[in-house]
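# Summary of structural features
Given next are the chains, with one letter for each unit.
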Amino acid sequence: MELQHFSHQHPLVFNEEWSHESEKTYCSGCGEVVSAPYFSCVDCGFYLHKQCAEAPSEMNHPFHRDHSLSLLVSSPYPAGTILCDFCNKICERFVYHCSCGLDFHIKCALFSYKIAEKRIAEFQHIPRIVPLISTENHPQKIEYVECFVCRKPLLDSVYISPDCGFYLHVKCVDLPPVINHVLHQQHPLILQFNTRGLSCKICEKPQRSGFVYSCSSHCEFVLHIECATMPTKVNKLFHRKHPLILQIVNELLPCQICQETQLDQAVYFCSKCKFVLHIGCVSPPSIIEDKIHHEHPFTLLQNQALVCNACGTLGNYIPYVCSTCNIIVHKKCISLPQIIKFSRHPHPIFHTYFLEEREFEKWECRVCHEELNTEHGSYFCSKCNYIVHVNCALDQPEFYNVVDSIEEIDEAMEMSFQHETATSIKHFSHDHDLTLSEDIVGDKQCDGCLLSISASCYCCSQCDFLLHKSCAELPKKKHIWYHYHQRPFRLTSGCIFQCAICGYETSGFAYNCDECEERHCLRCALVSDVTRCEGHEHLLQFYLNCKALCNACGGSTVTAYRCKSCNFTLHDRCLRLPLTARHKYDEHPYKLTYQENNSYKKSHYCDICEEKRNPNQWLYHCAIHNNSAHPQCVLGKYSFIKLGSICRLGDHPHPLRFVQKVHYYPECLTCGKPCLDLALECSMGCSYVVHWECIKPRPLGTNPTIELLPKDEKISG
């Protein structure tokens, strides 16, 4: 008997017995050693197993109903390499290929076809292996092999011997080709090759290859084999009233074990009791030991509890109990970190299960400002009596770090100056000695915070450099409570930058984050989360979520400072308004005023922009000239760049000085318009003058490129 096969130019002769006993010859179709019966071309040394020779050139595979598979002699891809989508090994010989990218060894395609056609009798002789009974005869690699069908570890269940060349669980060979599932009742699901890599509707995870149950009507509904065969109804001791049904729930309800929420995902659910169990929580461990976080084991309690002793959260849940300590906790709270570095506090805070009561005083969470029950868990700093709810502290992972030991975060806060005498210091930001002075003539600005100086300050006798006493004594490193990076910020000076918080450009000191390179001006960096304001008699506390109207400007707030007792609310930018400010056209300073004293309607206009003002909102007022103005009109854009500061910028060969022209307005050499606002002029006497807006780098950003020069430096042209 002869056969003309498409893969070879000569006729192939059929052989019922193998005649070359001493030779190993390989099938050109599947690549395995040839055994009888087979076809051969003796002249060319070409061999094909009978099964490979008689394989159809086109195959309509029951596990791939969308397209037919074409038998090819070699790879159809330019790169050449193909991975079989059944066994996950390289295809080097004949391959069944589909236009959608599905590829199989010839042997894998034929073998899986037998499974699909339920021709199981053809390989019933293959021995079954029970992993728990016989493991010593398996090669070590079997531990890492997956079932070709479900892609789960082969040793999870009884499997077919690897001697046949295929790794299959016995239960996967017997899978029904079509099922009806409770999660997709409108269409049946059919067993198919996983060609599209869709995520399973139960576990929400994709599967790279293997088989899945997919919708027969192309609804893109897919279930992994393991997920499709899990029970659709369970009964649990900790919910004895009703069974829990597998279904997709569109309510945001927490799992009774892990307390996490999942929307529109498959869970076990009791609709009458609103009781939810995630798929992975159906069989929780009965005992959990975590000696890093707690010295005793926790045991699953088969009843619901009302409050967790670790985090203080109210509500029904399935708890774990430590009978030694008599505490009941959520499963997730067993591993709560014992010490954390919280962004809103400079010291480490410790988890505690209870605190002693304070007579005549209640504990209040410093984040949400709600009363805190000290009989339940919290995070606490004994140095400062700082306390927060567990959930408030751990709500956003980027705002805390877990601490293994206190030594990790103890850093000495070095001061910014060296004491020389009681009235003289050497400050890191200035070349000359600074002397403490009480006699300040005129309206002067602090070079650190750029606010007016009205009390004693440190000043330089050789140049116009002044610092508030408080600014001179700032630490070189400071914890910034509102920033998510935990390392202390570093105090820097001598540059022009844009504050990352308020957005103002400034020549003052900055606290710099070395991790993200953000720079914060002193006005922003020095405000605490609990502070006072001259415009209100009570303490103001920072609220992360506060929807209200600002009492200063009338605008709506998202985050704000608020007085809990009287609902007084301020934007953080309004809280930081300077008490006094100077406008470029006025020789006298304006004072921040919190209430309009003049009821005459014509006075309710801003004397700078001449637009209407709301008399119930804060304003700046000059009592000498009886002028009133919007805060933003007085401050303008450049109130925090000190006039007289010197820098090098642009192509001009000489240093440039910051100026603000009042009596005459020279033309800007860049845009040709009069310099009505902040400008730079040559410090060496040239006629060079240019708007700051025209010459500054864009964007200026918080990582500055403009360094300031000493004001007394002698620089030649």
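Below is a summary of the structure that appears in this document. (Residues numbered from 1 in each chain as written. Predicted model: local features only at pLDDT ≥ 70, side-chain atom pairs only at ≥ 80, totals over all residues. Heavy atoms only, no water.)

### Considerations on the packing of aromatic side chains
In this structure the tally under the stated criterion is 20 aromatic pairs. Judged by centre distance (6.3 Å) and plane angle (35°), the ring pair of Phe-6 and Phe-94 falls under tilted. Note that Phe-6 is positioned in the loop between strand S1 (2–3) and strand S2 (12–15) and Phe-94 in the loop between strand S6 (69–72) and strand S7 (95–97), a separation of 88 residues in sequence. With relative accessibility at 48%, the residue Phe-6 sits in the partly exposed group. The buried category is assigned to Phe-94, whose relative accessible area is 3%. Ring geometry for Phe-238 and Phe-275: centres 6.3 Å apart, planes at 25°, overall stacked. One end of the pair, Phe-238, is in the loop between strand S15 (233–236) and strand S16 (239–249); the other, Phe-275, is in strand S18 (residues 275–278), and 37 residues separate them in sequence. Residue Phe-275 is classed as buried on the basis of its relative accessible area of 2%. Clustering of aromatic rings is evident, with ring pairs tying together Phe-63, Phe-86, Phe-104, Phe-111, Phe-148, Phe-193 and Phe-211. (Phe/Tyr/Trp six-rings, centres within 6.5 Å; stacked < 30°, edge-to-face > 60°. Helix = DSSP H or I, 4+ residues; strand = E, 2+ residues; numbered from the N terminus. Buried < 20%, exposed > 50% of the residue type's maximum accessible area, 1.4 Å probe, protein only.)

### Comments concerning the side chain of His-224
Counting through the fold element by element, His-224 comes out in strand S14 (residues 222–224). Here Lys-205 takes part through its backbone oxygen, which lies 3.2 Å from a polar atom of the side chain of His-224. For His-224, the contacting residues outside a window of four places in its chain are Cys-200, Cys-203, Lys-205, Pro-206, Gln-207 and Val-212. (Polar contact = N/O pair within 3.5 Å; in protein donor to acceptor, adjacent residues only side chain to side chain. Contact = heavy atoms within 4.5 Å.)

### A look at the sheet that holds S16
Taken in spatial order, the four strands line up as S15-S16-S17-S18 in an open sheet, and their pairing is antiparallel. At either end of the open sheet lies a strand with only one pairing partner, and these are S15 and S18. Ignoring which end each strand starts from, the neighbouring axes of this sheet average 35° apart. Bridging between S16 and strand S17 (residues 265–270) involves five bridges; their strand directions are antiparallel. The residue of S17 that forms the bridge with Ile-248 is Ala-266. (Pairing = 2+ DSSP bridges. Axes fitted to C-alpha atoms, helices over the stretch in contact; angles between N-to-C directions.)

### Some points on the nonpolar core
Among the nonpolar cores identified, the biggest contains 118 residues, and Phe-86 and Leu-168 are the most heavily contacted of them. Top contributing element to this core by residue count: helix H2 (residues 106–116), with seven residues. Sequence-distant contacts of Leu-168, that is, excluding residues within four places in its chain, are made with Phe-86, Phe-111, Ile-115, Cys-147, Phe-148, Val-149, Leu-154, Val-158, Tyr-159, Ile-160 and Val-173. One finds Leu-540, Ala-552, Leu-577 and Cys-622 within the second-largest nonpolar core, a separate group that totals 27 residues. (Core = buried A, V, L, I, M, F, W, Y, C linked by side-chain atoms within 4.5 Å.)

### Observations regarding the sheet that holds strand S46 (residues 568–570)
On the basis of which strands lie adjacent, the open sheet formed by four strands has the order S43-S44-S45-S46 and antiparallel pairing. Pairing within the sheet leaves two strands with one partner each, and these edge strands are strand S43 (530–533) and S46. Strand-to-strand twist across the sheet, computed as the mean angle between neighbouring axes with direction ignored, equals 35°. Sheet analysis places strand S44 (residues 536–543) next to strand S45 (residues 560–563), joined by three bridges and oriented antiparallel. Following the sheet pairing, Phe-542 is matched in S45 by Tyr-561.

### Some points on the pattern of salt bridges
Under the counting rule described, the total for this entry stands at 17 salt bridges. Across the pair Lys-362 and Glu-371 runs a salt bridge, and its minimum N-O distance is 3.7 Å. By relative accessible area, Lys-362 is classed as exposed at 60%. In this structure, Asp-447 engages Lys-642 in a salt bridge whose closest nitrogen and oxygen atoms are separated by 2.5 Å. Linking Asp-447 in the loop between strand S33 (444–445) and strand S34 (452–453) with Lys-642 in the loop between helix H9 (631–635) and strand S51 (646–647), this pair joins segments that are 195 residues apart in sequence. Of the two residues, Asp-447 and Lys-642, neither departs from the other in class, the shared state being buried. Where salt bridges share partners, they join Glu-505, Lys-637, Glu-693, Lys-696 and Arg-698 into one cluster. (Salt bridge = Lys/Arg side-chain N within 4 Å of Asp/Glu carboxyl O.)

### Overview of unusual backbone geometry
The phi torsion of most residues other than glycine is negative, and most of the peptide bonds are trans. Cis peptide bonds are those with omega within 30 degrees of zero, and the linkage from Ala-36 to Pro-37 qualifies with -5°. Topologically, Pro-37 is positioned in the loop between S2 and strand S3 (38–41). Positive phi is not limited to glycine here, since Gln-259 has a value of about 70°. Looking at where Gln-259 falls in the secondary structure, it is placed in the loop between S16 and S17. You will see that Asn-626, though not glycine, has its phi angle at about 55°, which is positive. Summarising the element assignment, Asn-626 is placed in the loop between strand S49 (619–622) and strand S50 (627–629). Residue Asn-626 is classed as exposed on the basis of its relative accessible area, which comes to 51%.

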